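# An overview of the molecular structure
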Amino acid sequence: MNTRASVFPVPSTSRWTASAICRGTIGQSCSTASQECGLGFTTAASYAMSGLVDWNVTALLVAGGVIGTMAGIALGKIIGTHKGLLERGFAAVVIAVGTYVTLSSL
């Protein structure tokens, strides 16, 4: 089976590097990230102009995102000063996920 990859430049800290973003079989098209972003914006604008957007729900989602971001930043500043707490918390999450995956596969 032949596959092809679409490559686009990705900004890195020192220079642009190439990165394969999608693989598809013959006959399928691969698009770049900018095209996908443009398609998403075009689709959203089309839905909005057609009256298919529930603006109340949209406002709630945006407000939740803003509040969540502010809370996350504040919590990050508080917890960030306790390195040991972060390491133990991360270890607990890794162990919990590993336990869940192991038990769910039995």
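Residues numbered from 1 in each chain as written. Predicted model: local features only at pLDDT ≥ 70, side-chain atom pairs only at ≥ 80, totals over all residues. Heavy atoms only, no water.

Regarding its fold elements, the chain presents three helices and two strands. Along the chain, helices and strands appear, N-terminal first, in the series β-β-α-α-α. A burial count over the chain gives 2% of its 106 residues as buried. In the chain, the proportion of contacts linking residues at least 24 apart, taken out of those at least 6 apart, comes to 18%. For the chain, the exposed area adds up to about 8,800 Å²; of that, 68% sits on carbon and sulfur atoms. (Helix = DSSP H or I, 4+ residues; strand = E, 2+ residues; numbered from the N terminus. Buried < 20%, exposed > 50% of the residue type's maximum accessible area, 1.4 Å probe, protein only. Contact = heavy atoms within 4.5 Å. Areas by Shrake-Rupley, 256 points an atom, 1.4 Å probe, with all protein chains shown as cover.)

The next point concerns a nonpolar patch on the surface. Nonpolar side chains collect at one region of the surface, where Val 93, Val 97, Tyr 100 and Val 101 lie side by side and expose about 400 Å² of accessible area between them. By secondary structure assignment, the location of Val 93 is in helix H3 (residues 83-104). (Patch = residues over 30% accessible without salt bridge, like charges linked within 9 Å, V, L, I, M, F, W, Y side chains within 5 Å. Salt bridge = Lys/Arg side-chain N within 4 Å of Asp/Glu carboxyl O.)

Here we come to helix H2 (residues 55-79). In a regular helix each residue adds 1.5 Å, so 25 residues correspond to 36 Å; H2 covers 35 Å between its end C-alpha atoms and thus fits that length. With a side-chain oxygen positioned 3.2 Å from the backbone nitrogen of Asn 56, the residue opening H2 is Asp 54. (Expected span 1.5 Å × (residues − 1). Polar contact = N/O pair within 3.5 Å; in protein donor to acceptor, adjacent residues only side chain to side chain.)

A separate point is the pattern of salt bridges. Per the counting criterion, the structure on display carries one salt bridge. Here Lys 83 makes a salt bridge to Glu 87, at a shortest N to O gap of 3.5 Å. On the criterion of helical spacing, the pair formed by Lys 83 and Glu 87 is a turn pair, its members being four residues apart in helix H3.

Moving on, we get to the confidence of the model for the chain. Confidence in the prediction for the chain averages 76 pLDDT; 66% of positions are at 70 or higher. When mean pLDDT is taken per element in the chain, H2 scores highest with 94 and strand E2 (residues 16-25) scores lowest with 44. This model gives residues 1-28 a pLDDT under 50, and the stretch forms 47 contacts once residues within four places in sequence are excluded. (pLDDT = per-residue confidence, 0-100.)

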